[in-house]
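Residues per chain, in single letters:
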Amino acid sequence: MLVAGCAGTSLDAPDYRGIPKWTSRATPEARGDFRTSADGTRVAVRYPGWITRDFDRYPTYAYGDERIDPPVQRVTMPAGVAGDAQKGRALFLSRSKGPCIGCHLVPGDDVWPAGNAGPDQSTIGDRKLPDQYLYQVIWDARAYFPKTMMPPWGTVGVLSPEEVVHIVAYLQTLKGPVAPEKDRERNPVTRPKPAGFGDNLDPTNNPAVVLADDGEALWSARGPSGKACADCHEGGAARAMRGVATRYPKFLKAYERVMSVEDFLEVHAPETTGRTMASQSADNLDMTMYVKRASNGLPVSVDVTSPEARAALARGKVTFYRKVGERNHSCADCHTRETAAGKFLGGRVLADVTAGLTRHFPTWRTDRAEVWDMRKRFQWCMTPLGMNMLAADSIEYAELELYLTAFDNGKPVSVPGIRH
Amino acid sequence: MSDRTRIPRRQALMALGALAAGAAAGRFGVTDAHAQSAPTFGQNESVQDAMKRLFGGKTIKDGSAVIKLDIPLIAENGSVVPVAVSVDSPMTTSSYVKYIYIVADKNRIPVVTRVTLAPEAGKASVGANIRLGETGEVRAIVEQSDGTLLQVARDVKVTVGGCGG
Amino acid sequence: MSDIGKVRLRIPSTIKPGDVVQVRSLVIHPMERIERDAQGKIIQKTYNYINKVTVTYLGKTIAVFDTTQSVSENPFFSFTFKATDPGQLKVEFLDTTGGRYEGTADIKFS
């Protein structure tokens, strides 16, 4: 049974029995660990600059985590709070809240950049909806729309009752006619899509191509065991590794789990050369890029038919559709055509999973001046979702990555990528 | 075709001692010690102060007839914004572009770069990746060999959002 | 970081005498930005950033970029030269801590 880019294809029912426990071999800040600070609070151990808040209240992707979404709260708009439309507008635009404009366009030259993942609210006041209705939708939209992708802002405490009252007052002022746009970039419907960062394989354009060359030294150098990769894999990496990356992630019997190239290097390097290659270490990223680019131009061809692959895909698909975190989002809420793929979330266009999103990883992140592999990208998504991340080399992430990679089948590898 | 040369790292160069520093001084007229104390080309200042510092009160004419400023309307982030400036110029010894400046009005350090060109460059066509602190104007200012100053400017929006920040 | 100072140049594979050739260059470098303390005051220290790029062709300087911290990390620069004779094109990067990095290309006609 093939999973070939059809969102509606049925898979086997997911089976979580017999999945081994995996002890992470990732770098310390990549394991999703916590430490206890001097005053007894739990603080996350994370990459430099990443937030360290503990989101333990909310469901994660961990296979043992059986929690479901926070229950829907049906509430009544408090009496005795005078709604202030100006305060409401400031909240609507505030990046420390939604921001609401991340999904919803409203009028104003200072509205930059609004998204269209949710409906345009510019004339919602004309609909003369009851205040109570608007209040409930903002507090917990699931009361009216069970499958909504709108986070339950009040239920999870991002907005207080007073704040929601102000936002309701603001929305009720938004009446037509809407002024003609002076600036076609302001409205996400007319805004041009990003042009990208050019040729990812040009070393004068993509610093990751320069860093990937470091893999060459790693490949040839003797590790602590006295052996080098080159000793067993003869003929140079370009020949020996040609086509290898097209088959990853894959189920490896020796480790009873699905592994990406990054995961496999973690176990393979110490066993052969004696060298440590922790997930998220520079050596792991450099070697992964070096191995993967030996497959550049070749079509991705991950196994989707063996019983092990099918079982992993079924679990990966459940993960993709599972609502998690403070924002109560699933990957699917943003990344399918049926939801918001192709639309703007703030200033970013949401990618469509069926287009294949993995074949350019590891990728250079221009805004971070860093190489990110697929796992770091997953972990990053956890942050705005308000969810504790798992270890970079976790089985859950590997199977989610396999689910995503199935959509890349047939399409050419091009590593390293270059992205915002 | 790409070409690359590895030269010893800075630490190794420093180990060569005075010779390396001296060589640097001889060619560029400034020693390492001097580099740290010399007034820097980039200053933390307003764009008005920067323009005054660079050009005094000289008239800067509209250069849209001869200057092409290639820069995205929307920059995906403020860390890497590709800019290209080309000037319609014969680049002969009697008529060439002497300097191309790139200035970002809203940056804390508005002066981004000044490119000095010789006629042997063949064309006045340069590019660089620049940082933008926030949405604002980016200018290309050109000084011709006869002293004429020309400018074009474009408004660039820096965007944010999504799960990538 | 051991990659600082690595340079890459790209020139077209075919160059004819008299061509005006575009060169693309990149150097790995942190281009340190100004840091501020908790009160917002600028921290006084030597910031390590490339402040000069010199392009020479056949030994003559044909372009110089004076650069500031407003240039991106791992800076990219492009420029042109008129290919009159075979010989060396050199791009030299200087940073504020005395670092000096270069890349060269042998210009040949074909």
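Along every chain, residues carry numbers that run from 1 in the direction the sequence is written. Chain A is the first chain written and ligand 1 is the first ligand written, with later ones labelled in order. Totals for whole chains, interfaces and linings use all residues, but because this is a predicted model, local features are given only for residues with pLDDT of at least 70 and pairs of side-chain atoms are given and counted only at 80 or more.

A word on the overall build of chain C
So, point 1. Helix and strand labels come from DSSP, where a helix needs a run of H or I of at least four residues and a strand needs a run of E of at least two; each type is numbered from the N terminus. Per the secondary structure count, chain C includes 0 helices and 7 strands.
So, point 2. When its helices and strands are written in sequence order, chain C yields β-β-β-β-β-β-β.
So, point 3. Two things to know: the radius of gyration comes from C-alpha atoms, and the globule rule equals 2.2 Å times the number of residues to the power 0.38. Radius of gyration (C-alpha) of chain C: 16 Å, far over the 13 Å computed for a compact globule of 110 residues.
So, point 4. On the principal axes, the C-alpha backbone points of chain C span a range of 60 × 25 × 20 Å.
So, point 5. What counts as a contact is two residues whose backbone-derived C-beta atoms lie within 7 Å of each other. The contacts of chain C with a sequence gap of at least 6 include a subset with a gap of at least 24, amounting to 57%.

Observations concerning the overall build of chain B
So, point 1. Counting its regular elements, chain B contains 4 helices and 10 strands.
So, point 2. The linear arrangement of helices and strands in chain B, starting from the amino end, is β-α-α-α-α-β-β-β-β-β-β-β-β-β.
So, point 3. When contacts within chain B are restricted to residue pairs at least 6 apart in sequence, long-range pairs at least 24 apart make up 64% of them.

Brief notes about the interface of chain C and chain B
Interfaces are often sized by the amount of accessible area the parts lose when they come together.
So, point 1. Contact with chain C, which involves 48 residues of that partner, is made by 45 residues of chain B.
So, point 2. Those elements that place two or more of their residues in the side of chain C that touches chain B are strand E1 (7-10), strand E3 (50-57), strand E4 (60-67), strand E5 (76-82) and strand E7 (100-107) of chain C.
So, point 3. Ranked by residues supplied to the side of chain C that touches chain B, first place goes to E4(C) with 8 residues.
So, point 4. Split by residue class, the side of chain C that touches chain B holds 20 nonpolar, 18 polar and 10 charged.
So, point 5. Strands pair, by our definition, only if DSSP identifies at least two bridges between them. Here 2 bridges tie strand E8 (residues 124-130) of chain B to E5(C), and the two strands are oriented antiparallel to one another. Along E5(C), the bridge assignment pairs B:Gly127 with C:Ser78. Gly falls in the polar group here, along with every residue not listed as nonpolar (Ala, Val, Leu, Ile, Met, Phe, Trp, Tyr, Cys, Pro) or charged (Asp, Glu, Lys, Arg).

Some points on the sheet that holds strand E9 (residues 417-419) of chain A
Residue and element names in this part refer to chain A.
So, point 1. Strand order in the open sheet formed by 3 strands is E8-E7-E9, with mixed pairing between adjacent strands. Each of the sheet's edge strands pairs with one partner strand only, and the pair in question is strand E8 (370-372) and E9. Taking the axes of each pair of neighbouring strands and ignoring which way they run, one obtains an average angle of 35° across the sheet.
So, point 2. Bridging between strand E7 (residues 363-365) and E8 involves 3 bridges; their strand directions are antiparallel. The partner of Arg365 across the bridge, within E8, is Glu370. Axis lines are fitted through C-alpha atoms, for helices just across the contact stretch, and the angle between N-to-C directions can take any value from 0 to 180 degrees.

Points about the nonpolar core
So, point 1. Membership of the largest hydrophobic core comes to 131 residues, with the highest contact counts inside it found for B:Ile100, B:Ile102, B:Ala121, B:Ile130 and C:Ala63.
So, point 2. The element contributing the most residues to this core is helix H13 (residues 395-406) of chain A, with 8 residues.
So, point 3. In contact with B:Ile102, not counting residues within four places along its chain, are B:Val83, B:Val85, B:Val112, B:Thr113, B:Ala128, B:Ile130, B:Val138 and B:Ala140.
So, point 4. Grouped together as the second largest cluster of nonpolar side chains are 33 residues, A:Leu134, A:Trp153, A:Ile167 and A:Ala340 included. What we call a nonpolar core is a set of buried Ala, Val, Leu, Ile, Met, Phe, Trp, Tyr and Cys residues whose membership is set by joining through C-beta atoms within 7 Å. We call a residue exposed when 12 or fewer other C-beta atoms sit within 10 Å of its C-beta, buried when the count reaches 20 or more, and partly exposed for counts in between; the C-beta positions come from the backbone.

Observations regarding the interface of chain C and chain A
So, point 1. Taken together, the contact pairs 12 residues of chain C with 9 residues of chain A.
So, point 2. Breaking the side of chain C that touches chain A down by element, the ones donating at least two residues are E1 and strand E2 (20-27) of chain C.
So, point 3. A per-class count over the side of chain C that touches chain A returns 4 nonpolar, 2 polar and 6 charged.

Brief notes about the environment of A:Gly346
So, point 1. Note on placement: A:Gly346 falls in the loop between strand E5 (344-345) and strand E6 (348-349).
So, point 2. The class of A:Gly346 is buried, set by 23 C-beta atoms lying within 10 Å.
So, point 3. Each residue touching A:Gly346, except ones within four places of it in the same chain, is listed here: A:Gly102, A:Pro113, A:Gly115, B:Val160, B:Gly161 and B:Gly162.

Observations concerning the packing of helix H10 (residues 307-321) of chain A against H13(A)
All names here are of chain A.
So, point 1. Where H10 meets H13, the closest approach of the two axes is 8 Å, and the angle between their N-to-C directions is 95°. It follows that H10 is roughly perpendicular to H13 by the angle criterion. From H10, Ala312, Leu313, Arg315, Gly316, Lys317, Thr319 and Phe320 reach across to H13, where they touch Glu396, Glu399, Leu400, Leu402, Tyr403 and Ala406. Orientation labels follow simple angle bins: below 35 degrees gives roughly parallel, above 145 gives roughly antiparallel, 65 to 115 gives roughly perpendicular, and whatever is left gives oblique.

Description of the pairing of E1(C)
All names here are of chain C.
So, point 1. Both faces of E1 are covered, namely the face carrying Val7 and Leu9 and the face carrying Arg8 and Arg10.
So, point 2. Direction of pairing for E1 relative to E2: antiparallel, over a ladder of 4 bridges. Bridge pairing in E2 links Val7 to Val27.

Let's talk about the packing of helix H8 (residues 261-272) of chain A against helix H9 (residues 282-292) of chain A
Residues and elements named next belong to chain A.
So, point 1. Where H8 meets H9, the axes come as close as 10 Å, and the angle between the chain directions of the two elements is 115°. When you trace H8 past H9, the crossing you get is right-handed. Across the interface between the two elements, Val261, Glu262, Leu265 and Glu266 from H8 touch Asn284, Met287, Thr288, Val291 and Lys292 from H9.
So, point 2. Split by residue class, the contact of H8 with H9 holds 4 nonpolar, 2 polar and 3 charged. For any helix crossing, the convention is left-handed if the near helix is rotated counterclockwise from the far helix by under a right angle, and right-handed if that rotation is clockwise.

Considering the pairing of strand E6 (residues 97-104) of chain B
The two faces of a sheet get side chains in turn, since along a regular strand they alternate between them.
All names here are of chain B.
So, point 1. For E6, the buried fraction is high: 6 of the 8 residues fall into the buried class.
So, point 2. Looking at chain direction, E6 and strand E9 (residues 136-144) are connected through 7 bridges and run antiparallel. Residue Ile102 lies in a different strand from E9, and its bridge partner there is Ala140.
So, point 3. By the bridge criterion, 5 bridges tie E6 to strand E7 (residues 111-117) in an arrangement that is antiparallel. Considered in E7, the bridge of Ile102 is made with Thr113.
So, point 4. Remark: 6 residues form the turn of the hairpin made by E6 and E7, two consecutive strands paired antiparallel.

A word on the environment of A:Tyr16
Residue and element names in this part refer to chain A.
So, point 1. Tracing the chain through its elements places Tyr16 in the segment before strand E1 (34-36).
So, point 2. The sequence separation of Tyr16 and Val210 amounts to 194 residues, and the corresponding C-alpha distance is 41 Å.
So, point 3. For Tyr16, the residues in contact, after removing those within four places along its chain, are Tyr63 and Arg315.

Overview of the confidence of the model for chain C
So, point 1. Per-residue confidence from the prediction method is given by pLDDT, with values spanning 0 to 100. Taken over all residues, the pLDDT of chain C has a mean of 96, while the share at 70 or more is 99%.
So, point 2. Here the predicted complex carries an ipTM of 0.96, next to a pTM of 0.91.

Thoughts on helix H2 (residues 131-140) of chain A
So, point 1. Extensive coverage of H2(A) is indicated by the burial of 7 of its 10 residues.
So, point 2. Buried residues belonging to H2(A) abut helix H3 (161-172) of chain A.

With respect to unusual backbone geometry
So, point 1. Cis geometry marks the peptide bond from A:Gly98 to A:Pro99, where omega comes out at -5°.
So, point 2. When you line up the elements, A:Pro99 lands in the loop between helix H1 (85-93) and H2.
So, point 3. Following A:Gly176, the chain continues to A:Pro177 via a peptide bond in cis, the omega torsion being -5°.
So, point 4. Inspection of the secondary structure assignment puts A:Pro177 in the loop between H3 and helix H4 (207-212).
So, point 5. In this structure, C:Met31 is a non-glycine residue whose phi angle is positive, near 45°.
So, point 6. Relative to the elements of secondary structure, C:Met31 occurs in the loop between E2 and E3.
So, point 7. For C:Met31, a count of 23 C-beta atoms within 10 Å puts it in the buried group.

Things to note about the environment of A:Val415
Residue and element names in this part refer to chain A.
So, point 1. Looking at the secondary structure, you find Val415 in the loop between H13 and E9.
So, point 2. Between the alpha carbons of Val415 and Leu174 there is a distance of 47 Å; along the sequence they are 241 residues apart.
So, point 3. Setting aside its immediate chain neighbours within four residues, Val415 contacts Met289, Lys292, Arg293, Asn296, His360 and Pro362.

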